[in-house]
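Coordinate analysis (summary)
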Amino acid sequence: MTFELATEVPLVIDTLERLFQPSTIARIIVEGLGKAAVYFVLAVGLTLVFGLMGVLNFTHGAMAMLGAYIGGLIMVLSVSDGTGALVRIALFVVVLAVVFALLTGFGSAFEYSLIRPIYDRTPMYQILLTFGVALILEEVTRIVVLSQGIQPEPPWSGAMGTAPAVFTERYDILGAPIRGLYAFEIVLGIVAVVGVWLFLNRTLYGLYIRAGSEDPEMVEALGIDVRQAFTIVFGLGTGLAGIGGVLLMWDPLWGPSALLAIDVLLYAFVVVIIGGLGSFKGTVAAAILVGIADSFTTWLFATGIVTFTGLPELTIFGLLVIMLIIRPQGLYGVEEVGGH
Amino acid sequence: MSSSDEHWIRSYGRDQFPHVLVVLGFALYPILLGVLNRTPLASEASAFLPGLTFMIIVLYMGLFAISFDFISGYTGYLSFGHAAFYGTGAYFVVLAANGQVPGVPEGTPFMITMLLGATLAFVVALAIGAVSFRLTGVYFAMLTLGFAQVMYEFIRHWGYVSSNPTEGATIPSGADMSIGVPFVDSLNFAVGRLSGDSFENVLGVGIDVSATMTSYYALGIVVLLSYFVMQRIIHSPFGKVMIAIRENEERARAVGYNVFWYKMGAFATSAFFAAIAGALFAAYAGGASPDNSFYFLVTADALIMAIIGGIGTLAGPLFGALFHEWFEDILSTESDGLSTYLEQLLPESVLTAEVAGLTINDFIGTFLDGRAPLYLGIIFVLFVLFVPNGLLGSIRDRLGGTVSKRLPATLERYRR
């Protein structure tokens with residue numbers, strides 16, 4: 001590749017000109033925040049679990065996949081063609097609650113029965129165990145889904161089709177056509193940020209988590225049953241992953257599929273590490289950063305300025321590497337968090 | 001330890017006894033398989049024993065898992081992006097065979113491109129390691145994974161590789177992928193699933209060597225050599241420092257070792273052999289795609305093999321690979337696995353009998369056919385929970401030392 005002044009400079013000027021139009025900025029920001037909301041919900045459970053226990057939960061993506069399929073199942077069974085948009089949205093909220101409850105219970109049971117016996121080993125074994133369980137969950141899901149005549153990949157279109165028309169249509173914001181779903185995702189994202197913030201700052205277990213991510217041994221020394229807190233927090237983290245999965249159910253870029261088990265995991269890792277493992281504030285900031293970077297590079301590609309198809313993915317993982325090179329502990333992370 | 005009055009060759013030979021056994025086992029296996037196929041047990045053999053094509057996967061995936069274990073098991077740094085090096089080796093060989101690597105003319109012997117690719121992986125590992133070794137534990141694992149994913153996404157969309165980079169690139173049919181001494185024709189054996197050398201009536205004793213068999217033995221020699229180089233490094237003072245880093249890095253540093261460069265050296269060496277494994281895979285499979293070389297799940301396979309075989313034992317991952325591929329083989333229909341066997345064995349009435357609305361046939365199709373990942377996942381979790389030292393590690397614990405040191409003494413005890 002050679003840099004030719006005569007062609008490259010006008011191209012850069014042209015790009016900047018297109019970038020600073022209100023429609024472009026509106027598109028990048030609204031889509032970016034919508035994606036950021038999804039990334040936040042996908043990643044926050046992972047960061048809570050790591051912050052308290054130092055366990056990197058590799059089942060996180062598989063749990064999101066379960067959430068997406070369970071949510072999709074309930075929606076497909078209860079929605080018919082004539083169902084109105086408001087009813088669908090109300091059902092969606094019900095689904096969120098159901099999936100959250102189910103997966104919180106499942107996650108707690110998983111932590112209690114399988115992870116608890118190996119806390120005394122090196123962190124590597126917790127990674128290995130959760131990774132193995134993630135493999136099993138993915139395969140079981142594939143078997144179950146296939147037996148019901150649904151292809152595990154590409155995404156299950158039946159469930160995606162239950163989204164109300166107001167979300168699939170595009171609306172004009174400052175001249176940019178933007179899908180209605182993004183607004184919904186932003187609203188849900190704000191609710192999730194506020195909800196988790198309230199949990200962390202206004203509840204007893206939130207206090208344990210904040211204290212535990214600072215100094216787990218001291219928390220234990222103060223007579224708090226850390227093991228019980230682990231079980232509950234692991235459950236909540238899993239429940240949040242499930243909610244993230246439900247959120248992906250209507251998203252045309254994702255949708256319920258067996259591939260979520262790995263894709264969600266990798267993206268959640270990126271967000272959590274850029275933000276700093278175990279930091280709530282960092283996860284919010286990193287989700288916004290990654291979301292905006294994603295929508296910006298998607299725009300670059302969509303307008304044909306850059307022809308490299310993998311640009312958004314490459315940028316996101318590139319951000320991870322750059323962040324780890326210049327600031328290994330992440331945006332708001334504390335070095336050597338989680339006691340190792 | 002052997003007694004001092006014994007000749008050193010004798011004691012050395014005794015130390016190598018288990019190695020000789022394993023090598024002999026691998027070398028004689030195709031012959032055993034060939035003999036079994038002519039007996040009435042042929043259908044059982046093809047149902048329950050891994051076929052030769054799967055044994056070749058055992059060889060290159062085994063080498064990859066060994067190289068993964070070399071860094072992860074011996075220094076304790078989990079290299080979660082190890083597929084990056086495997087992919088580097090594979091893609092380098094494929095691109096070189098297409099004449100697409102600058103400075104490497106088309107028609108360069110495979111042995112040379114393989115070593116060049118491995119050297120490239122060595123350099124890449126030094127670059128990745130320089131950044132990653134500033135961190136430890138989970139952070140190191142994530143950082144290497146991040147690098148590998150960047151390379152994966154890049155290679156998946158890089159138009160230079162081929163017109164459809166998501167599908168990967170293939171080695172042109174005329175390319176000579178031979179293992180042997182470069183530029184000596186009679187000492188070169190072409191490998192490849194379809195294009196390997198085959199020999200009829202070898203040495204006039206009526207034995208035919210198929211293309212698969214040639215690939216099997218040729219790959220086996222490279223894997224064996226690579227294993228012994230790594231084994232020598234582990235048993236050298238350098239290897240002792242690697243283990244010291246795993247056991248207590250602070251102390252190793254306090255004793256005066258420059259642990260950073262020891263870790264870098266170990267990481268780069270392991271990347272070198274991972275790339276050789278990748279190159280062998282590409283040469284045999286006739287190409288590489290991002291999903292079977294650079295992807296996270298390729299590392300995951302090596303991880304599973306290393307855990308099952310015994311992480312922190314160099315030969316363990318090879319047995320893990322054997323176990324893994326044996327499982328894949330009997331649970332796939334591609335080469336007459338368990339489900340084909342059951343379908344032939346069981347009478348029609350049993351196959352169509354319904355139990356709770358599910359026929360036995362459906363059951364086989366749903367729970368056996370191609371379901372290896374499910375059972376491997378379960379076995380993997382059971383190993384992590386109950387056999388954390390893996391197959392070879394547990395045997396070592398029982399014998400109270402490495403197999404080569406302890407086996408002769410143990411056998412001696414049983415002889416009396």
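The next subject is the overall build of chain B. From N to C terminus, chain B includes 20 helices and 8 strands. Relative to a compact globule of 416 residues, whose C-alpha radius of gyration would be 22 Å, chain B shows 23 Å and is just as compact. Taking the principal axes of the C-alpha coordinates as reference, chain B spans close to 75 × 65 × 55 Å. For chain B, the proportion of its 416 residues judged to be buried stands at 52%. Here the contacts in chain B between residues at least 6 apart in sequence split such that 71% fall between residues at least 24 apart. Counting only carbon and sulfur atoms, one obtains 63% of the accessible surface of chain B, whose full area is about 18,700 Å². Charged side chains of chain B number 20 positive and 30 negative; the gap between the two group centres comes to 19 Å.

Attention shifts here to the interface of chain A and chain B. With 44 residues of chain A in contact, the opposing surface of chain B contributes 39 residues. The three residues of chain A that bury the most area against chain B are A:Leu128, A:Phe131 and A:Ile143, which together make up 14% of that side's buried surface. The interface formed by chain A and chain B contains 0 salt bridges. Linking chain A with chain B are 3 residue pairs in polar contact (both at pLDDT 80 or more), by the criterion used here. Those elements giving two or more residues to the side of chain A that touches chain B turn out to be α5 (123-147), α12 (260-275) and α14 (311-326) of chain A. Counting residues per element, the side of chain A that touches chain B draws most heavily on α5(A), at 15 residues. Per-class residue counts for the side of chain A that touches chain B are 34 nonpolar, 5 polar and 5 charged.

So, about helix α7 (residues 137-157) of chain B. Quick reminder: α-helices carry 3.6 residues per turn. Residues three or four places apart thus point the same way. Here α7(B) contains 21 residues, and its C-alpha end-to-end distance of 31 Å stays within 8% of the 30 Å for a straight helix at 1.5 Å per residue. Taking burial as the measure, the 21 residues of α7(B) include 18 buried ones, the bulk of the element.

A separate point is a negative patch on the surface. Residue and element names in this part refer to chain A. On the surface, Glu214, Asp215, Glu217, Glu220 and Asp225 cluster together into a patch of negative charge. Along the chain, Glu214 falls in helix α9 (residues 204-214). Residue Glu214 is classed as exposed on the basis of its relative accessible area, which comes to 66%.

Residues and elements named next belong to chain B. Running from N to C, helix α4 (residues 52-72) and helix α14 (residues 316-330) point in directions that differ by 140°, and their axes come no closer than 8 Å. With respect to each other, α4 and α14 are oriented oblique. Both α4 and α14 take part in a crossing whose hand is right-handed. Contacts between α4 and α14 pair Phe54, Met55, Ile57, Val58, Met61, Gly62, Ala65, Ile66 and Asp69 from the former with Pro317, Leu318, Ala321, Leu322, Glu325, Glu328 and Asp329 from the latter. Residue composition of the contact of α4 with α14, by class: 11 nonpolar, 1 polar and 4 charged.

Turning next to the pairing of strand β2 (residues 176-179) of chain A. Residue and element names in this part refer to chain A. The side-chain alternation of β2 yields one buried face, formed by Ala176 and Ile178, and one unburied face, formed by Pro177 and Arg179. Pairing of strand β1 (residues 170-173) with β2, which is carried by 4 bridges, proceeds in the antiparallel orientation. Paired with Asp172 across the two strands is Pro177, which belongs to β2. As consecutive antiparallel partners, β1 and β2 are separated by 2 residues, and within that stretch Leu174 has a phi angle of approximately 50°, a positive value.

What follows deals with the pattern of salt bridges. Taken as a whole, this structure holds 8 salt bridges over all chains when the rule is applied. Linking A:Glu31 and A:Arg27 is a salt bridge whose minimum nitrogen-to-oxygen distance equals 3.6 Å. Placement of both A:Glu31 and A:Arg27 in helix α2 (residues 22-53) is noted, with a separation of 4 residues, approximately one turn of the helix. For A:Arg142, the salt bridge goes to A:Glu138, with nearest N and O atoms at 3.1 Å. On the criterion of helical spacing, the pair formed by A:Arg142 and A:Glu138 is a turn pair, its members being 4 residues apart in helix α5. Accessibility classification places A:Arg142 together with A:Glu138 in one group, the buried group. One network of salt bridges, in which partners are shared, links B:Glu249, B:Glu250, B:Arg253 and B:Lys263.

What follows covers empty space enclosed by the protein. For the structure shown, the criterion picks out 5 cavities of 30 Å³ or more. By volume, the largest cavity amounts to about 80 Å³. Every residue along the wall of the largest cavity is listed here: A:Phe58, A:Phe131, A:Ala134, A:Leu135, A:Glu138, A:Ala261, A:Ile262, A:Leu265, B:Phe296 and B:Leu297. Those elements that provide at least two residues to the lining of the largest cavity are α5 and α12 of chain A together with α13 (296-309) of chain B. In terms of residue count, the dominant contributor to the lining of the largest cavity is α5(A) (4 residues).

Here we take up the packing of aromatic side chains. Applying the stated rule across the entire model yields 42 aromatic pairs over all chains. A centroid spacing of 6.1 Å and a plane angle of 90° characterise the contact between A:Phe58 and A:Phe131, whose relative ring orientation is edge-to-face. Of the two residues, A:Phe58 sits in the loop between α2 and α3 (60-78) while A:Phe131 sits in helix α5, which places them 73 residues apart along the sequence. Just as A:Phe58 is buried, A:Phe131 falls in that class too. Aromatic side chains B:Phe133 and B:Phe140 sit 4.8 Å apart centroid to centroid with 25° between the ring planes, which places their arrangement in the stacked category. B:Phe140 matches B:Phe133 in its accessibility class, with the two residues each being buried. In textbook terms, an aromatic cluster arises when at least three aromatic residues are bridged by ring pairs, as seen for A:Phe58, A:Phe131, A:Phe269, B:Phe80, B:Phe296 and B:Phe380. Across the ring face of A:Tyr125, the terminal group of A:Arg121 is positioned such that the distance to the ring centre comes to 5.1 Å.

Here we come to the nonpolar core. A:Phe58, B:Phe110 and B:Leu280 are the most contacted members of the largest nonpolar core, which has 239 residues in total. Counting residues per element, this core draws most heavily on helix α11 (residues 259-285) of chain B, at 18 residues. Other than its neighbours up to four places away in sequence, B:Phe110 contacts B:Val93, B:Asp176, B:Met177, B:Ser178, B:Ile179, B:Ala279, B:Leu280 and B:Ala283.

A few words now on the side chain of B:Lys263. All names here are of chain B. One can find Lys263 in helix α11. Residue Lys263 is classed as buried on the basis of its relative accessible area, which comes to 4%. Of the polar contacts made by the side chain of Lys263, one reaches the side chain of Glu249; its length is 2.7 Å. Once you skip the residues sitting within four places of it in the chain, Lys263 turns out to touch Ile71, Tyr77, Phe133, Ile245 and Glu249.

Let's shift gears to α4(B). Compared with an ideal rise of 1.5 Å per residue, which puts 21 residues at 30 Å, α4(B) spans 29 Å between its outermost C-alpha atoms and is within 8% of the ideal. Buried residues dominate α4(B), accounting for 19 of its 21 residues.

Rules used in this analysis
Residues numbered from 1 in each chain as written. Chains lettered and ligands numbered in written order. Predicted model: local features only at pLDDT ≥ 70, side-chain atom pairs only at ≥ 80, totals over all residues. Heavy atoms only, no water. Helix = DSSP H or I, 4+ residues; strand = E, 2+ residues; numbered from the N terminus. Rg over C-alpha atoms; globule rule 2.2 N^0.38 Å. Buried < 20%, exposed > 50% of the residue type's maximum accessible area, 1.4 Å probe, protein only. Contact = heavy atoms within 4.5 Å. Areas by Shrake-Rupley, 256 points an atom, 1.4 Å probe, with all protein chains shown as cover. Lys, Arg positive; Asp, Glu negative; His and termini not counted. Charge placed at Lys NZ, Arg CZ, Asp CG, Glu CD. Buried area = accessible area lost by both parts, 1.4 Å probe. Salt bridge = Lys/Arg side-chain N within 4 Å of Asp/Glu carboxyl O. Polar contact = N/O pair within 3.5 Å; in protein donor to acceptor, adjacent residues only side chain to side chain. Nonpolar A, V, L, I, M, F, W, Y, C, P; charged D, E, K, R; others polar. Expected span 1.5 Å × (residues − 1). Patch = residues over 30% accessible without salt bridge, like charges linked within 9 Å, V, L, I, M, F, W, Y side chains within 5 Å. Axes fitted to C-alpha atoms, helices over the stretch in contact; angles between N-to-C directions. Parallel < 35°, antiparallel > 145°, perpendicular 65-115°, else oblique. Left-handed = near helix turned anticlockwise from the far one by under 90°. Pairing = 2+ DSSP bridges. 1 Å grid on protein atoms, 1.4 Å probe; cavity = no way out; pocket = protein on both sides within 12 Å on 5 of 7 lines; lining within 4 Å. Points joined across faces, edges and corners; volume = space filled by probe spheres on them. Phe/Tyr/Trp six-rings, centres within 6.5 Å; stacked < 30°, edge-to-face > 60°. Lys NZ or Arg CZ within 6 Å of the ring centre and 35° of its normal. Core = buried A, V, L, I, M, F, W, Y, C linked by side-chain atoms within 4.5 Å.

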